[in-house]
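One-letter residues, chain by chain:
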Amino acid sequence: MLIGMTGFAQASSRFKDIELNAEIRSLNHRYVECLIHSPDGFGVIDEAIKEQVKNKIRRGRVSVSLSIASLKPKVLVDYALADSYVRSLKQLNQKLKLENNLSLSQIIHLEGILRLEKIHLSGEFIQALKALTARALEKLIHIRRKEGEALSRDIAARAGAIKREIDKINLSTQALRKEKKSVLS
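Note that the structure is a prediction, hence the values are computed from the model and not measured.

Quick notes on the environment of Asn 101
Part 1 of the argument: Tracing the backbone shows Asn 101 in the loop between α2 (79-96) and α3 (104-107).
Part 2 of the argument: Classification of Asn 101 by relative accessible area gives exposed; the value is 55%.
Part 3 of the argument: In this structure, the C-alpha to C-alpha distance between Asn 101 and Asn 170, residues 69 residues apart in sequence, is 94 Å.

Right, dumping it as structure tokens:
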């Protein structure tokens, strides 16, 4: 049975208050090549996902994109860094003899003051990501099989058309031989 090389599949799930999404694309490629696109700090799961892909898919360039979003993100404020910024900016202000116009909206835009709490990569969380990836992979495999079935039907139809043309040629050739024999006799 032929298996198609191209496809797209997506799966989503929730883990506690975290939304997980996996998108998998595959393209024609001679060997299996797997690219993982995961959020910063999630590199530890890349190899596990590559292994999952390689256990299920033998050929193709496969791209797995993971997105993870906390449904209730917790904003963290680095107060020590903010205090350091303010002190340094006040010193700069005094040195340059500028008007004191430092505002909260300016401070929060300084690098590192505000950040979202990172998602903890517990064993349970990693298992949830693997299960999500497995679901998306199964969908991709199903799509690639359907593509392979369609290709098989198309090839069979074309082979049938070629066979019919060959049969016509053979009949014409036989008719020509008979005609040639009758003319020569």
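Let's talk about the pattern of salt bridges
Part 1 of the argument: Inspection of the entire model under this criterion finds 10 salt bridges.
Part 2 of the argument: In this structure, Glu 138 engages Lys 56 in a salt bridge whose closest nitrogen and oxygen atoms are separated by 3.0 Å. Here Lys 56 lies in helix α1 (residues 46-56) and Glu 138 lies in helix α4 (residues 123-184), a separation of 82 residues in the sequence.

Quick notes on α2
Part 1 of the argument: The terminal C-alpha atoms of α2 lie 25 Å apart, and with 18 residues this matches the ideal 26 Å at 1.5 Å per residue to within 8%.
Part 2 of the argument: The inward-facing, buried residues of α2 contact α3.

What to know about the layout of surface pockets
Part 1 of the argument: Looking at the largest pocket, its volume works out to about 510 Å³.
Part 2 of the argument: Forming the boundary of the largest pocket are 22 residues, of which Ser 70, Glu 117, Lys 118, Ile 119 and His 120 lie nearest the centre.
Part 3 of the argument: Considering each element in turn, the lining of the largest pocket owes the most residues, 3 residues, to strand β4 (residues 60-70).
Part 4 of the argument: Residues of the lining of the largest pocket, tallied by class, amount to 11 nonpolar, 4 polar and 7 charged.
Part 5 of the argument: Space inside the second largest pocket adds up to approximately 150 Å³.
Part 6 of the argument: Every residue lining the second largest pocket is listed: Leu 89, Lys 90, Leu 92, Asn 93, Leu 98, Glu 99, Asn 100, Asn 101 and Leu 102.
Part 7 of the argument: Of the residues in the lining of the second largest pocket, the class split is 4 nonpolar, 3 polar and 2 charged.

A short note on the pairing of strand β3 (residues 32-37)
Part 1 of the argument: Bridge count between β3 and β4: 6 bridges; the pairing is parallel. What sits directly across from Leu 35, in β4, is Ser 63.
Part 2 of the argument: The parallel pair β3 and β4 is bridged by α1, and the resulting crossover is left-handed.

Let's talk about the packing of aromatic side chains
Aromatic rings in a pair are described by how distant their centres are and how their planes are angled relative to each other.
Part 1 of the argument: Applying the stated criterion to the full structure yields 2 aromatic pairs.
Part 2 of the argument: Residues Phe 15 and Phe 125 carry aromatic rings whose centres are separated by 5.3 Å and whose planes lie at 65 degrees to one another, so their mutual orientation is edge-to-face. In this pair, Phe 15 sits in strand β1 (residues 7-15) while Phe 125 sits in helix α4, placing the two residues 110 residues apart along the sequence.
Part 3 of the argument: Judged by its relative accessible area of 12%, Phe 15 falls in the buried class.
Part 4 of the argument: The exposure class assigned to Phe 125 is buried, which follows from its relative accessible area of 0%.
Part 5 of the argument: Taken together, the ring pairs connect Phe 15, Phe 42 and Phe 125 into an aromatic cluster.

Let's talk about the side chain of Ser 63
Part 1 of the argument: As for its placement among the helices and strands, Ser 63 is situated in strand β4.
Part 2 of the argument: Side chain to side chain, Ser 63 and His 37 meet in a polar contact 3.3 Å long.
Part 3 of the argument: With residues near it in sequence (within four places) discarded, Ser 63 still touches Glu 23, Ile 24, Arg 25, Leu 35 and His 37.

With respect to the sheet that holds β4
Part 1 of the argument: What the 4 strands build is an open sheet, ordered β1-β2-β4-β3; its pairing is mixed. Where the open sheet ends on each side, the last strands, each with one partner, are β1 and β3. Each adjacent strand pair in this sheet contributes to an overall mean axis angle of 15 degrees, direction not counted.
Part 2 of the argument: Relative to β4, strand β2 (residues 18-27) runs antiparallel, the two sharing 10 bridges. When the sheet's bridge partners are listed, Glu 23 is paired in β4 with Ser 65.
Part 3 of the argument: Against the sheet, α1 touches β3 and β4, its axis set at about 145 degrees to β3.
Part 4 of the argument: Its contacts with the sheet put α4 on β1, β2 and β4, and the angle it makes with β1 is roughly 155 degrees.

Definitions and cut-offs
Residues numbered from 1 in each chain as written. Predicted model: local features only at pLDDT ≥ 70, side-chain atom pairs only at ≥ 80, totals over all residues. Heavy atoms only, no water. Helix = DSSP H or I, 4+ residues; strand = E, 2+ residues; numbered from the N terminus. Buried < 20%, exposed > 50% of the residue type's maximum accessible area, 1.4 Å probe, protein only. Salt bridge = Lys/Arg side-chain N within 4 Å of Asp/Glu carboxyl O. Expected span 1.5 Å × (residues − 1). Contact = heavy atoms within 4.5 Å. 1 Å grid on protein atoms, 1.4 Å probe; cavity = no way out; pocket = protein on both sides within 12 Å on 5 of 7 lines; lining within 4 Å. Points joined across faces, edges and corners; volume = space filled by probe spheres on them. Nonpolar A, V, L, I, M, F, W, Y, C, P; charged D, E, K, R; others polar. Pairing = 2+ DSSP bridges. Right-handed = clockwise from strand over helix to strand, strands pointing away. Phe/Tyr/Trp six-rings, centres within 6.5 Å; stacked < 30°, edge-to-face > 60°. Polar contact = N/O pair within 3.5 Å; in protein donor to acceptor, adjacent residues only side chain to side chain. Axes fitted to C-alpha atoms, helices over the stretch in contact; angles between N-to-C directions.

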